[in-house]
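# Analysis of the macromolecular model
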Amino acid sequence: MSRKHTAALVGNPNSGKSALFNALTGARQKIANYAGVTVERKAGRMTLPSGEPVELLDLPGSYSFDAASPDEAVTRDVVKGTFEGEAVPDVLVLVLDAANLEQHLVFAQEVLELGRPTVVALNMVDLAERDGLTLDPEALSEALGVPVIPTVAVRRRGINELAAAIAEAETHADEEAHKRWHLTLPERRLSAKHMAKGATLSKSTRHTIENGVDRILLNPWLGPVILFGLLFVIFQAVFAWATPFADALEGGVGVLTDGVTGALAPSLFRDFLTEGVLAGVGSVVVFLPQIIILFAFILLMEASGYMARAAFLMDRLMASVGLSGKSFIPLLSSFACAIPGIMATRSIADPKDRLTTILIAPLMTCSARLPVYAVIIAAVIPQTTVGPGIGLQGLVLFALYIAGIVGAIIVALVLRRTVTKGAASGFIMELPRYQLPRIKDLAIGLWQRAWVFLRRAGTIIFVATIALWVLLSFPKAEPGESQLDASFAGSVADAIHPVLEPIGFNREMSLALVPAMAAREVAVSALATTYAVDAEDEDLAAEGVTSQIAALWSLPTALAFLAWFVFAPQCLSTIAVARRETNGWKWPIVMVAYLFALAWLAAGATYWIAVGLGL
């Protein structure tokens, strides 16, 4: 049986390695962790022009073999053949950003000095040419002493040529072939000094404009104002733009409910459909427009190149609490979901920095909280304006997000002065070029996020809601008795409520927190199902959960519920990921404990102050 051949993609972060990996392997990929570490191992099968299969590894992005993070250490050890259980790659595919050669060739020299069969993928040549770079791959190949293949991975340009070059390099994978494949080390160093022959930079109007834009957006005083102004606009848009679509979806759910009620005779099955499926799951689905609008802005910021500049701006703030700009990207990812945010901390070299970032990531307001915020704000906050183009509802939503950020800053400051004490690590970041986002890429990104949300609604939220409906529906209440009081769920609420009653929670709110541990959005469906099952007023029962909350909750109670979800302990999936990333239960338990304490205190303070002010 012939030996399995391997190739590995290496290069700086943001060089387009992942796009090349996807283009070369398609769907034939497997993702897992390397044995003994929490660094992701991404492998796939590519087919050479001869038909021979090759295993392709997408190694973590690195700036140097002098590893400054677990990611870089894995790349170094795999490339050098010292990682236990991982075969040394037969061929290295060195991925370079065509528009940023000066920086990327620093690490390229380290790779080339290994004397291994290597092919250079000169990636994103279209963007380089757009920015005024005149490229000469043949001259660069002569300077580096290895084949250089120009590619545009996202458009599959140069992929066949790159596969052919990998096949050629694979035939030179024995020791004797190294002498023929590479220049000698002194010659290669001399050639590298003259690599400018491979690319000539021409000043263009675009460079002048981009530099001028950066002088504004990265200004230490004006830049943060622009950033927070943009965030403010985003949260205004989440309410102002989404309302017509959300109302239409809610109306559609109402029509379906009326249709089921009219078509079926009173029965347990009809109650299951109307009170469980439509009232519960439907109450979450109606917030899909808010989710799409929020992610549309996030994707635009990422695709345009502004998101990296936001991280640069935040470095100074992060340093003030003992962290660095490296922590900003994982925390930013946590606004979508804390799970990828926690996993993204693998790029942080300092273990105390990384642990602190993991512990505060749940304080970033994930998208799962948006339905909770939206339904409560819509129920108790008037749809009025407080200034030109400034809606009160959007202002409250913005304040909730800021409260989470401020909470994370305070917790980080405390942690870095106590259990994770240490100095902030340095921060180096490569700023991508500005570019117009591709409509197709944005559409795919929005569809993926919408599908994730709908899939959660059809799986986790559906199961949790139906389980709660069963607990609420049995045993049946006697005449004159509340169904909630008679049900199994009522007993659960009675056990939890004494802890939460002092901070203004009613029994329905206390009960909703239990299934919300599966997914935050379930709090909305749990409230909707509870009120649908327990409502004594038939007209109110026919209304949506927003109308029910508006009729039954006081303003202090509603504000307390919002404050709770700013700090509430994370869902079970996030806790499980935190356990894996910290290699034990100690820190996840600490995380859950401090989040519960913060949530209780924040909700209590909000309720007591609101009552004291007579709200």
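Residues numbered from 1 in each chain as written. Predicted model: local features only at pLDDT ≥ 70, side-chain atom pairs only at ≥ 80, totals over all residues. Heavy atoms only, no water.

## Notes on the overall build of the protein chain
Check the secondary structure of the protein chain and you find 30 helices and 11 strands. Sorting the 615 residues of the protein chain into buried and exposed places 52% on the buried side. Contacts in the protein chain between residues at least 24 apart in sequence constitute 72% of all its contacts with a sequence separation of at least 6. On the protein chain, roughly 27100 Å² of surface is accessible, and the fraction owed to carbon and sulfur atoms is 64%. (Helix = DSSP H or I, 4+ residues; strand = E, 2+ residues; numbered from the N terminus. Buried < 20%, exposed > 50% of the residue type's maximum accessible area, 1.4 Å probe, protein only. Contact = heavy atoms within 4.5 Å. Areas by Shrake-Rupley, 256 points an atom, 1.4 Å probe, with all protein chains shown as cover.)

## Brief notes about the pattern of salt bridges
Side chains that differ in charge, positive against negative, can pair when their charged atoms come close. Per the stated rule, a full pass over the model turns up 10 salt bridges. Salt-bridge contacts for Asp 214 lead to Arg 309; the nearest nitrogen and oxygen are separated by 2.7 Å. With Asp 214 in helix α9 (residues 205–217) and Arg 309 in helix α14 (residues 306–320), the pair connects residues that are 95 residues apart, well separated along the chain. Across the salt bridge formed by Asp 494 and Arg 507, the nearest N and O atoms sit 2.8 Å from each other. (Salt bridge = Lys/Arg side-chain N within 4 Å of Asp/Glu carboxyl O.)

## What to know about the pairing of strand β4 (residues 53–58)
Among the 6 residues that make up β4, 5 are buried, leaving the element largely enclosed by the rest of the structure. The pairing of strand β1 (residues 6–11) with β4 spans 4 bridges and is parallel. Following the sheet pairing, Thr 6 is matched in β4 by Glu 55. As judged from the 6 bridges shared by strand β3 (residues 40–47) and β4, these two strands associate in the antiparallel manner. Looking across to β4, one finds that Arg 45 is bridged to Glu 55. Between β3 and β4, which follow one another and run antiparallel, lie 5 residues, and Gly 51 among them has a positive phi close to 95°. (Pairing = 2+ DSSP bridges.)

## Re a nonpolar patch on the surface
A cluster of nonpolar residues, Ile 216, Leu 222 and Val 225, forms a patch on the protein surface that exposes about 270 Å² of accessible area. Positionally, Leu 222 belongs in helix α10 (residues 222–240). (Patch = residues over 30% accessible without salt bridge, like charges linked within 9 Å, V, L, I, M, F, W, Y side chains within 5 Å.)

## Observations regarding the pairing of strand β5 (residues 91–97)
With 7 of 7 residues buried, β5 lies mostly within the body of the structure. Going residue by residue along β5, you find Val 91, Val 93, Val 95 and Asp 97 tucked away on one face and Leu 92, Leu 94 and Leu 96 tucked away on the opposite face as well. As defined by bridge partners, β1 adjoins β5 across 5 bridges and the pair is classed as parallel. Residue pairing in the sheet places Gly 11 in a bridge with Val 95 of β5. Following the chain from β5 across helix α3 (residues 101–112) to the adjacent parallel strand β6 (residues 118–123), one finds a crossover that is right-handed. (Right-handed = clockwise from strand over helix to strand, strands pointing away.)

## Points about the side chain of Arg 520
Mapped onto the elements of the fold, Arg 520 is located in the loop between α24 (507–512) and α25 (522–534). No salt bridge is formed by the buried Arg 520, whose closest oppositely charged neighbour, Glu 521, lies at an N-O distance of 7.7 Å. (Lys, Arg positive; Asp, Glu negative; His and termini not counted.)

## A closer look at unusual backbone geometry
Among all residues save glycine, negative phi is the norm, and among peptide bonds the norm is trans. The omega torsion across Phe 474 and Pro 475 is -10°, close enough to zero to call that bond cis. Within the fold, Pro 475 resides in the loop between α21 (460–473) and α22 (483–486). With a phi angle near 60°, Met 124 is a residue other than glycine that sits in the positive phi range. With respect to the helices and strands, the residue Met 124 is situated in the loop between β6 and α4 (125–130). Phi at Asn 583 is positive, roughly 60°, even though this residue is not glycine. Structurally, Asn 583 can be placed in the loop between α29 (572–582) and α30 (586–612).

## Notes on α14
Compared with the 21 Å implied by 1.5 Å per residue over 15 residues, the 23 Å span of α14 between its first and last C-alpha is a close match. In α14, a bend of some 40° at Met 314 exceeds every other bend along the element. Along α14, the residues that are buried comprise Tyr 306, Met 307, Ala 308, Arg 309, Ala 310, Ala 311, Leu 313, Met 314 and Met 318. A positive backbone phi angle near 90° is found at Gly 322, which sits one or two residues after α14. (Expected span 1.5 Å × (residues − 1). Bend = angle between axes of the 7 residues up to and from the residue.)

## Let's talk about the packing of aromatic side chains
Aromatic ring pairs: the centre-centre distance and the angle between the two ring planes describe each pair. Applying the stated rule across the entire model yields 14 aromatic pairs. Pairing Trp 600 with Trp 608 gives two aromatic rings, centres 6.0 Å apart and planes at 70°, and the pair type is edge-to-face. Judged by relative accessible area, which is 23%, Trp 600 ranks as partly exposed. Trp 608 sits in the partly exposed class, given a relative accessible area of 43%. Chaining the aromatic ring pairs together yields one cluster made of Phe 505, Trp 553, Phe 561, Trp 564, Phe 565 and Phe 596. One residue, Lys 476, lies across the ring of Phe 474, its end atom 5.6 Å from the ring centre. The aromatic ring of Trp 585 is capped on one face by Arg 579, whose charged end is 5.8 Å from the ring centroid. (Phe/Tyr/Trp six-rings, centres within 6.5 Å; stacked < 30°, edge-to-face > 60°. Lys NZ or Arg CZ within 6 Å of the ring centre and 35° of its normal.)

## Concerning the environment of Pro 371
Position of Pro 371 among the secondary structure elements: in helix α18 (residues 370–380). For the pair formed by Pro 371 and Val 284, sequence separation is 87 residues and the distance between their alpha carbons is 6.6 Å. Ignoring anything within four residues of it in the chain, the contact list for Pro 371 reads Phe 287, Ile 291, Phe 453, Glu 521 and Val 524.

## Considering the confidence of the model for the protein chain
Across the protein chain, pLDDT averages 84, with 89% of residues at or above 70. Mean pLDDT values over the elements of the protein chain span from 45, in helix α8 (residues 185–193), up to 96, in α30. Here residues 179–190 scores under 50 on pLDDT; set against residues more than four positions off or in separate chains, the count is 29 contacts. (pLDDT = per-residue confidence, 0-100.)

## Structural notes on the nonpolar core
Counting 116 residues, the largest nonpolar core has Phe 505, Phe 561, Trp 564 and Phe 565 as the members making the most contacts within it. What Trp 564 contacts, discounting residues up to four positions off in sequence, is Leu 500, Ile 503, Phe 505, Leu 513, Phe 596, Ala 599, Trp 600 and Ala 603. In terms of nonpolar packing, the next biggest core, distinct from the first, is built from 31 residues, Phe 83, Leu 96, Leu 101 and Phe 107 among them. (Core = buried A, V, L, I, M, F, W, Y, C linked by side-chain atoms within 4.5 Å.)

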